[in-house]
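Structure assessment
Letter by letter, the chains look like this.
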Amino acid sequence: MTLPKPSAERLDASDAALRSLPGYTNHEPGEKEFAVLDPSTEERIATLKSMSPEEAIAEVAIADEAGRAWAKTTPRHRSDTLHNAYVLLIANKERLAFVISREMGKTFAEAQGEVQYAADYVRWYAEELLRPAGGYRENPVGGSTILTKRVPIGLSLLIAPWNFPMAMITRKIAPAIAAGCASVIKPAGLTPLTTLLTVDLLAEAGVPKGLMRVVTTTQSSAFSEAVLADPRVRKISFTGSTSVGSTLMGLAAKNIVKSSMELGGNAPLLVFDDADLDRAVEGTMLAKLRNGGQSCVAANRIYVQDGIADAFVEALSEKMSQVVLGNSIAESVGLGPAINRAAVNKFQHLVDDAVAHGAELRAGGRTPEGAGYFFEGTVLDRVPAEAEIANTEIFGPIAAISRFSSQEEVLQRANDTPFGLASYVFTENLDRALNVADTLETGLVGINNGVPSNPAAPFGGMKQSGLGREGSHEGLEEYQEVRYYNIARRETS
């Protein structure tokens, strides 16, 4: 299988985007450095310093001082600064998209979509911070007035994942800036370049550099232990695995640090007999293949009702077979590489195990030879419950389909998981759609919609998928404390 490669023009433009990064270097890593690789080629594209825990604490001190000054700025000033940042991010959309594609493997078209999505969080909080929550009411028994207002929580630790290296940063840093908080930011070691460029552009737009301190390190555990032990840190926002989130919550508990956690998922997607077939197939493709399936809200367990199952599987398999696999910045590509070799090995194992347990391979299922971490878009039908893929987060381009007979049956199966981040329902019956959505134990539900995420909506999960919300006004409140004033009053004649 020969995979498409980028044109010389695309390659030159992406190389230029990388070279434009602040302090860019690309040499063989030394003892206290690490390499960033292009998953399409496995080649080194940058070399960064791996900062020590002691250096991270120095960044905490800088951010803390800057945050105390920023907390005193006016809402209008913070709003104008974020509006400026939005304009600058959009003006650099292509540059940012090339960096995302090269370090993460997202297709260039999808990377451009991520830049817009990420910038939309900046614009949302530029507007939302001007609508502060608060209250003014009389004491029910008289004698005083109750006044409440929201104030900045303080220095925030932001830990972002590799799969959406820009959107997951702006979804955290924009509300922190809006609320009046400084941040120490740790991007994933696999994809730190997008964060460095994003923060550089925010600083160019007027956000004080001291307010956003990026720590690149391969010593993740030591970093977290040191920073969360510092009493100046009052908030942590983490996106990643449930196991790591649980560890971070334990560290945060020692200093009673406010925590928001967006953790693992195992999203069920339900297709009922009365679903519109084309709509359901298209929605499933979006829910499954967004970012190559490397998304915490990706459709993980696809349940299709018996009456529509044969037609659905045939149509989905045909569409999946048509997806072009190749280098992330090549013009015709619809599916880029996975993040690393371990991910590809996991995909192959899951497919082989499912087939060994009786699943039918309807499309894909192979790893092409050559450089790059590629795996074909894959469809498995009649996946049995005992197959490993039916009980684990796939995080890749494999659609694992099981069949069901009744609504009661599928809801029991859909909720039979410790996770509860996202779910999807495809049906043309409004009553069924709402009743099923009300029964699913997830923080967000896409109804006839494969991409339900939106900056204006609260994003987050139930059960072991986390706590707290990002986006909407709830996302701003994660970076605020409620302060209450009791104003004594006396009668006047």
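Residues numbered from 1 in each chain as written. Predicted model: local features only at pLDDT ≥ 70, side-chain atom pairs only at ≥ 80, totals over all residues. Heavy atoms only, no water.

You'll find the protein chain entered in an unreviewed UniProt entry as Succinate-semialdehyde dehydrogenase / glutarate-semialdehyde dehydrogenase, with Halomonas korlensis given as the organism.

1. Structural notes on helix α13 (residues 407–415)
Restricting attention to buried positions, one finds in α13 the residues V410, L411, A414 and N415. Around the axis of α13, the buried residues are gathered within 125° of arc, so they sit on the same side. Against the buried residues of α13 lie β10 (267–271), β11 (299–305), β14 (398–404), α14 (430–439) and β18 (462–463). (Buried < 20%, exposed > 50% of the residue type's maximum accessible area, 1.4 Å probe, protein only. Helix = DSSP H or I, 4+ residues; strand = E, 2+ residues; numbered from the N terminus. Arc of directions from axis to C-beta. Contact = heavy atoms within 4.5 Å.)

2. A closer look at the packing of helix α5 (residues 108–128) against helix α6 (residues 167–179)
Two quantities define a packed helix pair, namely the angle between the helix axes and the distance between the axes. Their axes nearest at 8 Å, the elements α5 and α6 cross at an angle of 10°. By the criterion of interaxial angle, the relationship of α5 to α6 is roughly parallel. Across from E114, Y117, A118, Y121, V122 and Y125 in α5, the residues of α6 making contact are A167, T170, R171, A174, P175 and A178. Looking at side-chain class alone, the contact of α5 with α6 contains nine nonpolar, one polar and two charged residues. (Axes fitted to C-alpha atoms, helices over the stretch in contact; angles between N-to-C directions. Parallel < 35°, antiparallel > 145°, perpendicular 65-115°, else oblique. Nonpolar A, V, L, I, M, F, W, Y, C, P; charged D, E, K, R; others polar.)

3. Quick word on the layout of surface pockets
Here the largest pocket defines a volume of roughly 670 Å³. Lining the largest pocket are 32 residues, with F238, T239, G240, S241 and V244 sitting closest to its centre. When residues of the lining of the largest pocket are traced back to their parent elements, those giving at least two are α8 (220–228), β8 (233–239) and α9 (242–254). Per element, the largest residue contribution to the lining of the largest pocket is five residues, and it comes from α9. Classifying every residue of the lining of the largest pocket gives 14 nonpolar, 13 polar and five charged. Viewed by domain, the lining of the largest pocket spans two of them, domain 1 (8–263 + 467–481) and domain 2 (267–447), each represented by three or more residues. Size it by volume and the second largest pocket reaches roughly 450 Å³. In terms of lining residues, the second largest pocket is bounded by 21 residues, among which P22, L196, V199, D200 and V214 are the most central. (1 Å grid on protein atoms, 1.4 Å probe; cavity = no way out; pocket = protein on both sides within 12 Å on 5 of 7 lines; lining within 4 Å. Points joined across faces, edges and corners; volume = space filled by probe spheres on them. Domains from an automatic or database assignment.)

4. Remarks on the sheet that holds strand β17 (residues 444–447)
If you walk across this open sheet you meet the seven strands as β12-β13-β14-β11-β10-β16-β17, and the pairing is mixed. The open sheet is flanked by β12 (360–363) and β17, the only strands paired with a single partner. Between one strand axis and the next, the sheet turns by 25° as a mean value, whatever way the strands run. The sheet contact formed by β11 and β14 spans four bridges and is parallel. Considered in β14, the bridge of Q305 is made with F404. Its contacts with the sheet place helix α11 (residues 306–322) against β10, β11, β12, β13 (378–381) and β14, and it is angled at close to 170° to β14. α14 rests against β10, β16 (422–426) and β17 of the sheet, and its axis sits at about 160° to β17. (Pairing = 2+ DSSP bridges.)

5. Focus: the nonpolar core
The tendency in soluble globular proteins is for nonpolar side chains to be buried side by side. Membership of the largest hydrophobic core comes to 84 residues, with the highest contact counts inside it found for L157, L193, M212, L228 and I236. Considering every element that reaches this core, the biggest residue donor is α5, with eleven residues. Setting aside residues no more than four positions away along its own chain, M212 makes contact with I173, I177, S183, I185, V199, L202, A203 and V207. (Core = buried A, V, L, I, M, F, W, Y, C linked by side-chain atoms within 4.5 Å.)

6. Quick notes on a nonpolar patch on the surface
Judged by side-chain polarity, L430, L434 and I447 come together as a nonpolar surface patch covering roughly 270 Å² of accessible area. Relative to the helices and strands, L430 is located in helix α14. Judged by its relative accessible area of 60%, L430 falls in the exposed class. (Patch = residues over 30% accessible without salt bridge, like charges linked within 9 Å, V, L, I, M, F, W, Y side chains within 5 Å. Areas by Shrake-Rupley, 256 points an atom, 1.4 Å probe, with all protein chains shown as cover. Salt bridge = Lys/Arg side-chain N within 4 Å of Asp/Glu carboxyl O.)

7. What about the UniProt feature "active site" (unreviewed entry) in the protein chain?
Under the feature "active site" (unreviewed entry), the UniProt entry names E262. For E262, the position within the fold is in strand β9 (residues 258–262). By relative accessible area, E262 is classed as buried at 3%. (UniProt positions renumbered as here; feature names shortened; annotations may be inferred.)

8. Quick look at the pairing of strand β4 (residues 144–152)
On any regular strand, side chains alternate: one points to one face of the sheet, the next to the other face. As paired elements, strand β3 (residues 134–138) and β4 share five bridges and run antiparallel to each other. Note that in β4 the partner of G134 across the bridge is K149. Relative to strand β20 (residues 480–488), β4 is paired through nine bridges, and the arrangement is antiparallel. In the sheet register, I146 faces β20, and the bridge partner there is N486.

9. So, unusual backbone geometry
One non-glycine residue with positive phi stands out, namely F395, at about 55°. Here F395 is to be found in the loop between β13 and β14. Positive phi values are uncommon outside glycine, yet N448 reaches one of about 55°. Here N448 is to be found in the loop between β17 and β18.

10. Focus on the sheet that holds β8
With respect to topology, six strands assemble into an open sheet ordered β7-β6-β5-β8-β9-β19, the strand pairing being mixed. Each edge of the open sheet carries a strand with a single partner, namely β7 (212–214) and β19 (466–467). Relative to β7, strand β6 (residues 183–186) is paired through three bridges, and the arrangement is parallel. Looking at β7, one finds that S183 is bridged to M212.

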